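Summary of the model geometry
Chain residues, written in single-letter form:
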Amino acid sequence: MDKNKQRNCEDCDLFSGFCQNFKSFATDAIHVGQEPEQWNSMAVVPPISLSTTFKQQAPGKHAGFEYSRSGNPTRNCLEKAVAALDGAKHCLAVASGLAATVTITHMLKCGDGIVCMDDVYGGTNRYFQKIAVTMGLELALVDCTKPELLKAALKDNTKMVWIETPTNPTMKVVDIKACSELVHAHNKDIVVVVDNTFMSAYFQRPLALGADICMYSATKYMNGHSDVVMGLISVSREDLHERLRFLQNALGGVPSPFDCYLCNRGLKTLHLRMEQHFKNAMAAAKFLEADPRVERVIYPGLPSHPQYDVVKKQCTGCPGMITFYIKGKLEHASTFLSNLKLFSIAESLGGYESLAEHPAIMTHASVPEKERAVLGISDTLIRLSVGLEDEEDIIKDLKEALDAAVGIGH
């Protein structure tokens, strides 16, 4: 068998059992919102519109743009492209993932209740627990992988359910369709939000599964180059879009035109990047799972994952995110991380480069220690963002770091 045929067979095995790819995804990523005809120059690549203000033909008579916070041509191109990739009618770009969280939460008023997945990004947890509740919002943290717990948490004042799947950092997978149906059966007006950061639009479409809002830290996979901080919000409901568009302008947390240009460019290779992230991460996960120095590996693409069947039911593939427990203590985890050479010890994820971090000390240090213990965010938990390097080099780096870590006390 020649190498190309062998590679195609391996790809088929990797994606076997997952949902079918979304139709024309790559074509939409490259062309929607990018039409050259919208520019007098007929530029194939949308120009970066840095102007903060736009000339009006007469007072109140403009060509679609007044002030760059309220609307910008470069941002429009990005928003149209992302909406298409999410199967949404509308998308709003904001200054960061947390700006997206804040903008969405501002739809609520004092006394309203939020039910949030218990294991979420540390910044989301911090915002809800230390800011939102001080503004009069009620918060319940629940394991949404267990429908009975979610159902019990819903109250008369519940206005929003916040789901993150896979979760950060313990990689729990929530059944979006089942949860959305359960929540909307309780009250059709409750807004179901899904943080789709880990999966990206290429591997998961929350709106098609019943969610009302899909949001991202576009800093991660959607941009994919670790050079932009941005958030994205996709919706199809007109009432939500109207409210969120008002808040985008009124709160003012908008991204720069240059960042919009960069993220828009990143989308053009999203399908290629995500498939390679999946291939490399699967190889790394299998290596770690077979290594006796590793206590446990949590990766949605492995049959050992607790919600593996849910993953296959609602996703078209898996990202490059792996969580694992190294055998030993904090010193073993620290030594492993310190001996990585290809992986950089750094926060964030989803870039082309491989990153590794210690959630208890780094990304989730703001989560109260007792909550971390309940969630399993222990001293031996390590999170990997597997990049696009050569597979054999990724495995080699992991092996050598494990070799160094296992030597402690021996």
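Worth saying up front: this structure is predicted, and the values here are computed from it rather than measured.

What counts, and where the lines are drawn
- Residues numbered from 1 in each chain as written.
- Predicted model: local features only at pLDDT ≥ 70, side-chain atom pairs only at ≥ 80, totals over all residues.
- Heavy atoms only, no water.
- Helix = DSSP H or I, 4+ residues; strand = E, 2+ residues; numbered from the N terminus.
- Rg over C-alpha atoms; globule rule 2.2 N^0.38 Å.
- Buried < 20%, exposed > 50% of the residue type's maximum accessible area, 1.4 Å probe, protein only.
- Contact = heavy atoms within 4.5 Å.
- Axes fitted to C-alpha atoms, helices over the stretch in contact; angles between N-to-C directions.
- Parallel < 35°, antiparallel > 145°, perpendicular 65-115°, else oblique.
- Left-handed = near helix turned anticlockwise from the far one by under 90°.
- Nonpolar A, V, L, I, M, F, W, Y, C, P; charged D, E, K, R; others polar.
- Core = buried A, V, L, I, M, F, W, Y, C linked by side-chain atoms within 4.5 Å.
- Polar contact = N/O pair within 3.5 Å; in protein donor to acceptor, adjacent residues only side chain to side chain.
- Pairing = 2+ DSSP bridges.
- Right-handed = clockwise from strand over helix to strand, strands pointing away.

A few words now on the overall build of the protein chain. The helix and strand tally for the protein chain stands at 15 helices and 12 strands. Taken over C-alpha atoms, the radius of gyration comes to 22 Å for the protein chain, in line with the 22 Å a tight globule of 410 residues would show. Counting over 410 residues, the protein chain shows a buried share of 55%. Across the protein chain, contacts joining residues at least 24 apart in sequence account for 74% of those joining residues at least 6 apart.

Right, let's get into the packing of helix α13 (residues 330-338) against helix α15 (residues 391-406). Remark: α13 packs on α15, axes separated minimally by 8 Å, with the N-to-C direction vectors making an angle of 140°. Between α13 and α15, the interaxial angle falls into the category oblique. Classified by chirality, the crossing of α15 by α13 is right-handed. In this structure, α13 uses H332, T335 and F336 to contact α15, whose residues at the interface are L398, A401, L402, A404 and A405. A class-by-class count of the residues in the contact of α13 with α15 yields 6 nonpolar, 2 polar and no charged.

Quick look at the nonpolar core now. Membership of the largest hydrophobic core comes to 77 residues, with the highest contact counts inside it found for L232, L288, Y299, I322, F336, L384 and L398. The leading source of residues in this core is helix α11 (residues 270-290), at 9 residues. For Y299, the contacting residues outside a window of four places in its chain are F278, A281, M282, A285, H305, C318, P319, M321 and I322. In this structure, V94, I104, V191 and V193 belong to the second largest nonpolar core, which totals 43 residues.

The next thing to look at is the environment of R293. Among the secondary structure elements, R293 is positioned in the loop between α11 and β8 (294-298). A relative accessible area of 18% places R293 in the buried class. In this structure the C-alpha to C-alpha distance between R293 and K327, which are 34 residues apart in sequence, comes to 5.6 Å. Contacts of R293, omitting those with residues within four sequence positions, involve I326, K327, K399, L402, D403 and V406. There is a polar contact of 2.5 Å between the side chain of R293 and the side chain of D403.

All right, on to the pairing of strand β5 (residues 191-195) then. With 5 of its 5 residues buried, β5 lies for the most part within the structure. The alternating pattern of β5 places V191, V193 and D195 and V192 and V194 on opposite faces, both of which are buried. Judged from the 5 bridges that link them, strand β4 (residues 158-164) and β5 form a sheet pairing that is parallel. Considered in β5, the bridge of M160 is made with V191. This β-α-β element, β4 to helix α7 (residues 176-186) to β5, shows right-handed connectivity.

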